[in-house]
2 protein chains.
Amino acid sequence: MKNYIKVNEWNIIEEGFDPHRNKISESIFSLGNGRMGQRANFEEAYSGETLPGNYVAGVYYPDKTRVGWWKNGYPEYFAKVLNAANWIGIDVKIDGETLDLHTAKVSDFRRVLNMREGYLQRSFTAELPSGKQVKVMAKRFCSIVDDEAGAICYRITPLNFSGNFTITPYIDGDIKNQDANYDEKFWDEVTKEVNSSSAFLTLRTKKTAFEVCTGMQFVVYHNGQPVELKPEPIQNDKYVACQFNVAALQHEEITIFKFAANLSSENYPKDKLLQHCQEVIQKIFKKGFDQMLQEQAQAWIAKWEESDIVIEGDAAAQQAIRFNIFQLNQTYTGEDARLNIGPKGFTGEKYGGTTYWDTEAYCVPFYLATADSQVTRNLLIYRYKHLQKAIENAEKLGFTNGAALYPMVTINGEECHNEWEITFEEIHRNAAIAFAIYNYVRYTGDAAYLNEYGLEVLIGIARFWAQRVNWSEAKQQYVMLGVTGPNEYENNVNNNWYTSTMALWCLEYTLSALALVRNNNIGDYEAVVEKTNFLTIDEPLNWQHILQNMYLPVDEEKGIFLQQEGYLDKENILVKDLKPADRPLNQKWSWDRILRSPFIKQADVLQGLYFLEDRFDLETIRRNFDFYEPRTVHESSLSPCVHAILAAKLGDEERAYQFYLRTSRLDLDDYNNDTEDGCHITSMAGTWMSVVEGFGGMRVRHNQLHFNPFLPTKWHSFSFKIGFRGVLLNIKVSKGGVQLVNQSDKNISVVVYDKVYEIKAKTQILAEHEYVA
Amino acid sequence: MKNYIKVNEWNIIEEGFDPHRNKISESIFSLGNGRMGQRANFEEAYSGETLPGNYVAGVYYPDKTRVGWWKNGYPEYFAKVLNAANWIGIDVKIDGETLDLHTAKVSDFRRVLNMREGYLQRSFTAELPSGKQVKVMAKRFCSIVDDEAGAICYRITPLNFSGNFTITPYIDGDIKNQDANYDEKFWDEVTKEVNSSSAFLTLRTKKTAFEVCTGMQFVVYHNGQPVELKPEPIQNDKYVACQFNVAALQHEEITIFKFAANLSSENYPKDKLLQHCQEVIQKIFKKGFDQMLQEQAQAWIAKWEESDIVIEGDAAAQQAIRFNIFQLNQTYTGEDARLNIGPKGFTGEKYGGTTYWDTEAYCVPFYLATADSQVTRNLLIYRYKHLQKAIENAEKLGFTNGAALYPMVTINGEECHNEWEITFEEIHRNAAIAFAIYNYVRYTGDAAYLNEYGLEVLIGIARFWAQRVNWSEAKQQYVMLGVTGPNEYENNVNNNWYTSTMALWCLEYTLSALALVRNNNIGDYEAVVEKTNFLTIDEPLNWQHILQNMYLPVDEEKGIFLQQEGYLDKENILVKDLKPADRPLNQKWSWDRILRSPFIKQADVLQGLYFLEDRFDLETIRRNFDFYEPRTVHESSLSPCVHAILAAKLGDEERAYQFYLRTSRLDLDDYNNDTEDGCHITSMAGTWMSVVEGFGGMRVRHNQLHFNPFLPTKWHSFSFKIGFRGVLLNIKVSKGGVQLVNQSDKNISVVVYDKVYEIKAKTQILAEHEYVA
């Protein structure tokens, strides 16, 4: 755990330069706009440790799977969002000496991520080996207004000398993914051109043949005056640049404004890519840096209006929750249903930038509550578009008749994870995808989504489950053999309670969705029946038989659901019995030892109790929580939030707060020593859930918002914004009670502590705490 | 399945050249002598499909593991026996045109593997694109007398022209393993030298720094007369050669005798390697081809004296069983306890040439019965030498106090497989290693082996099992969780009956071995106790507690042992219910489908019944056989033999014969379309077992050989050789009865059909069949 980020409510601040934490900061200070993302790499050359990262959404490479022993059905490749051309580069030479913070003496280094307005600023003084000192200020952003573009303002001032500056703004496409399986480079050059102050480089990905055109244009000021330059064009393999010289006297400031854009063939015809890139560059160049930045700030302030959480009395918590919201909003904007949310977003290469069940289980609640419903709808449509691939994926595994198994990891609908125990067996993701549909309809009331898209997906998923169970003659019940639950510290278990329970829930929900669509619009229903060849009598009958005869493992004596059959045969030891030297298990223990142990990586039974909480009484939840939590090591960043929410529900506010703390500053403080690989974007949504669903006790029941909040004792107050069916609410929880402000023009009725309140448009109410503060 | 090998009792014969089966033939016609092995690649250039293979025993490369997602404890590398320098190469150019069977018109192609005398002969007529015709005869062998050497006689005759022959005997070290994980080459050059008719090339393996010096010397005859030559020396990177020209008139024969040797730094100091290689080359060159071949033939005839099986009335079966015996004797000679038997021997790269439990479970019975006991002893000492590594391997997995887990795959004692479900969980191999000790002592009577080596190994293995079980509070018994049994179509199961049963057997045998050693020699006992820090009271008490309280899954109703807990929850379908299109499952079904299915790859419960047959009554064996065999797909070549032996025991002679047939000509007829990767060397021992333990019903009980033979109806008779405690027996089973010939100077008492017979030295007896023929 590191602790170098300065606490500030709206900014992430690093002071002083430590090369050992550079890769961590590169992750934390990442920028993105949903279409492209950029790690906080330096503009100027840097010969120290760095993980260069510029990612263009939707552009991937199918990297040949690395596997020891091929087995039938394995995915051929692991898809990777590509590290694309470096568009931020500005090389600086001073009288022939390279500016490089790895070889210079650095002072006054300060890096600020302004989350309110959405930009990154970096300033420092560098003394070169020759003794020459320069002051640098670099400011940049990825525009969420011009969402294919970024802009940089780079200022440099000689402090103790007058000299000649050779400056080279460039685009470098000769980059690679550090996690390439076979150390290959993934890009080929297509075209390049360099003009006097602009340059364009088009690259094509190997195998997938995506093309990305990266363009730049720049303008230079000397002491605030534009400089007429005749830069020298440079063209190398996959590299374009313009090099110029400026002589500057001591204390004179040279400023380079560099405008850049990444356009992808996913959005333009390949033969028009360069032309469109030139148009975007022209447009933003004309707009200029200041106006672009101003628009950026306004757009971000508008986002915060809908999604901010304010914590009073705990600046570190305030900074952390805003950081999480900022990163989530940088990563996914919901404008393109072909895109999704990688576990590391645009902040690193790990997990390939691909889509996991994290999206449905953790991110959907965040976007439902903080953004227009279209944003979540697009996340659902992403899966709808992949339905055919999910059916093909199931066919590869021997399923038939339109059964759909969504991939564990995907970028284009095909499975691309490469561990059999995950790919083939961690099938519960299929239920999360169904649950997200349910969650979306529950939250938005948009039942028409089922008619148009949802029902087809649900039928495919339900068919999978119906084929995936088998009849056990020994038990005279259906069983589900050979699965891996959310607790990935088990593999290939039989009758995982969570998976089986969610499978049944899917069958049930699909049956009710069928009835709903039929009642709402018989034509839509018939169209889906025809399209899916749905057997309207046989399939529901079969599903009912499964619903009535499924084996779910329980221990009657303990009054708990069993994580899987045989769980109680494991050694009866608890996490508190582990020596500190054994933690984290995934670094200290061999894999088989972890598998044999009773220790649980993340919520498994409890994940089911979280999803389906209204089906279980509080005592059942408590017994299971009290049994499983002490056996849970929370070695997934997705684990604590579910526990925080359940602890809050069980009235254990202190534990709920402790669970929240485990992930609240996960990346800012680099808890797990892995932030250098990128930030834990999807688990940030979990932290948001801990606050809103945990501390805020927010639920949607019967088309109505419910709140059951408590105030963590360390905080003076906290407030969060919720958009619900056209109403924007600000809920503030303080010692004085729960204030709900209806910021919209629509009335709303909400339930606070089980009491119904009507809140008229543009008014507010105060609900008293039901407990003594 | 192919069927192109001509049936012949002592020879493997291919007639006609088919490039599509070239790689298969390269495997089948492989030569070896325990120290080196050579696929049947051509001496002259060949531009068609080929898998070059020259292997030097004990020289390996630790190829970086290819794994999708690293988990703690994974082996860092997969060790591979290296494809070493090509020593057979003789390039031939005729008036500038290369002799290459891929571009020539080939007729009269004939390849013969003479198993009786141990050499390979190939002859053909080739018409070059120019129309020139040559006749070639090539004969070669890897000497088992001079076991680092090989020799080649290569004759070429122009048939329809007179011309100039440019001939280049060479050594080429610029080779690679086709299965290299990252497409790397594994050898660096150390030294080379070329003289007028000899050349030497020393290569060093990357990482492991083994050195191998390959040397050659040659002599040329023209129409039977030695030719004085001034060959031109050629040196390239990792390549040495001597090139010379001979003008030959039509029908004149040019003969090249090429002598070669591979010396490894495992056997000589590196700085003396070249010198020793020169000495070996001088020695064999002086000996000459004919004498070498004569010695080779004598040595092989002597081997056959001890190990031959004669089948009358079925030439194909005769050829096949001799092929198996020949390959086993080519692969392992038992002279060096650092060497072992790879599943493909020296016939291909697959499985890395490394050691599996195949050695203990399948090969040991063959070598015990057909070779000096020292041969098997060396196989056991191989594991003894790896005990410390096995202890370290267990430590990596969290075991302590001298617990030893032998690797699933190894070349130097370190685990080098790279699938967790095999590496970590297929731990039953530990029991096979203990069982081989038991088997050796049972067969040879050499109980002193326990004092010197065996007991230490047994203690390490027993300690592993004692730590690997855990107490289940739910069952109030010990359980063994998370294992993979011999049936690799299951992974990570709980309470695999075979593994748990064999674990208990190990505890029991170790306890009895402790008592035996203590009784035989208290000093030896105390030395072992001290060396292993054995707790003479606590450990046995603990083991006894486990022995008395272990959970073994059974189904009382069916009267069977359960392959694992929950096996009966699987779908109740049989192999006969499968469509032909589904077979083999491992090519047609996805891995998860195989895992979920009830289908069994190879003997699992039945493997236990085979090993421990004297503990179970016939009806128990029958019930289990009748339950499991119909669920077994036999997709391991190690499966049928166990079933053949059990079927024979159960009196089902026809089925026993059918199981035998499944592997008897596995490679000769390329049943599984994979012979091109190499021959199934270790399963050849299984076929031998089918004949001797199955049809012959041979067992050792209470220091006595038992036979319970039957004659397959298709055969007139069969006979096999058995060496037992200094006695060489020839057992011939024919319609007239069982004839036992004691070929040695020692009396022996044997049991045939439960009746004791005394067979005096150099005499024979005839036991009548107990059944009506």
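Residues numbered from 1 in each chain as written. Chains lettered and ligands numbered in written order. Predicted model: local features only at pLDDT ≥ 70, side-chain atom pairs only at ≥ 80, totals over all residues.

(A) Structural context of the overall build of chain A. Of regular secondary structure, chain A possesses 20 helices and 32 strands. What you see for chain A is a C-alpha radius of gyration of 27 Å, in line with the 28 Å of a compact globule of 773 residues. If you line up chain A on its principal axes, its C-alpha atoms span 85 × 60 × 55 Å. Across the 773 residues in chain A, those meeting the buried criterion constitute 55%. Contacts spanning at least 24 positions in sequence make up 67% of the contacts within chain A whose residues lie at least 6 apart. (Helix = DSSP H or I, 4+ residues; strand = E, 2+ residues; numbered from the N terminus. Rg over C-alpha atoms; globule rule 2.2 N^0.38 Å. Buried ≥ 20, exposed ≤ 12 C-beta atoms within 10 Å, placed from the backbone. Contact = placed C-beta atoms within 7 Å.)

(B) Region of interest: the relation of the copies chain A and chain B. Aligned on chain B, chain A shows an RMSD of 0.1 Å; the corresponding rotation is 180° and the shift along the axis is 0.1 Å. Considering both components of the superposition, the chain copies are consistent with a two-fold axis. Measuring from the rotation axis to each C-alpha of chain A, the shortest distance belongs to A:V67, at 2.3 Å. Both copies contact each other with a shared surface, as 100% of the interface residues of chain A are interface residues in chain B too. (Least-squares fit on C-alpha atoms with pLDDT ≥ 70 in both.)

(C) Region of interest: the interface of chain A and chain B. Facing the 45 residues of chain A at the interface are 45 residues of chain B. Only strand 21 (470–472), helix 14 (585–588) and helix 15 (591–596) of chain A provide two or more residues apiece to the side of chain A that touches chain B. The dominant element in the side of chain A that touches chain B, judged by the number of residues it contributes, is helix 15 of chain A, at five residues. Residue composition of the side of chain A that touches chain B, grouped by class: 14 nonpolar, 17 polar and 14 charged. (Nonpolar A, V, L, I, M, F, W, Y, C, P; charged D, E, K, R; others polar.)

(D) Spatial organisation of helix 3 (residues 289–307) of chain A. Residues and elements named next belong to chain A. The end-to-end C-alpha distance of helix 3 is 27 Å, a good match for the 27 Å that 19 residues give at a rise of 1.5 Å each. Along helix 3, the positions that sit buried rather than exposed are F289, M292, L293, Q296, W300, K303, W304 and S307. Taken end-on, helix 3 shows its buried residues confined to a sector of 110°, consistent with a single buried face. Exposed residues on helix 3 whose side chains face more than 90 degrees from its buried face are D290, A302 and E305. (Expected span 1.5 Å × (residues − 1). Arc of directions from axis to C-beta.)

(E) Focus on the UniProt feature "domain: Glycoside hydrolase family 65 central catalytic" (unreviewed entry) in chain A. UniProt's entry tags residues 322–689 of chain A with the feature "domain: Glycoside hydrolase family 65 central catalytic" (unreviewed entry), counted in the numbering of this structure. Between the C-alpha atoms that bound residues 322–689 of chain A the distance is 13 Å, and the span itself is 52% helix and 3% strand. (UniProt positions renumbered as here; feature names shortened; annotations may be inferred.)

(F) Region of interest: the UniProt feature "active site" (unreviewed entry) in chain A. Within this structure's numbering, the places UniProt gives as "active site" (unreviewed entry) are A:E488. By the C-beta count within 10 Å, which is 20 here, A:E488 ends up buried.

(G) Looking closely at the sheet that holds strand 20 (residues 309–312) of chain A. Residue and element names in this part refer to chain A. Within the open sheet, the five strands sit side by side as 20-27-28-29-32. Their pairing is antiparallel. Strands with a single pairing partner mark the edges of an open sheet, and in this sheet they are strand 20 and strand 32 (764–767). With strand direction ignored, the average angle separating the axes of adjacent strands in the sheet is 15°. (Pairing = 2+ DSSP bridges. Axes fitted to C-alpha atoms, helices over the stretch in contact; angles between N-to-C directions.)

(H) Region of interest: the domain arrangement of chain A. One can read the domain layout of chain A as domain 1 (33–64 + 76–304) and domain 2 (696–773). Taking only C-alpha atoms into account, the centre of domain 1 of chain A sits 45 Å from that of domain 2 of chain A. (Domains from an automatic or database assignment.)

(I) Spatial organisation of helix 2 (residues 273–287) of chain A. When the terminal C-alpha atoms of helix 2 of chain A are compared, their 21 Å separation across 15 residues agrees well with the 21 Å that a helix rising 1.5 Å per residue should span. Within two residues after helix 2 of chain A, A:G288 carries a phi angle of roughly 90°, on the positive side.

(J) Molecular detail of the pairing of strand 6 (residues 90–94) of chain B. All names here are of chain B. Burial analysis of strand 6 places four of its five residues in the buried class, the great majority of the element. Here strand 6 pairs with strand 7 (residues 97–98) via two bridges, running antiparallel. Across the sheet, K93 pairs through a bridge with T98, a residue of strand 7. Counting the residues between successive antiparallel strands, the hairpin from strand 6 to strand 7 contains two residues, one of them, D95, with a positive phi of roughly 50°.

(K) Structural context of the sheet that holds strand 25 (residues 699–701) of chain A. Residues and elements named next belong to chain A. Strand order in this open sheet of four strands is 25-26-30-31, and the pairing throughout is mixed. Looking at which strands have only one partner, the edges of the open sheet turn out to be strand 25 and strand 31 (755–759). Between one strand and the next, the sheet's axes are offset by a mean angle of 35°, whatever the strand orientation. Examined bridge by bridge, strand 30 (residues 748–752) and strand 31 share five bridges and lie antiparallel to one another. Note on strand 31: the bridge partner recorded for S749 is E758.

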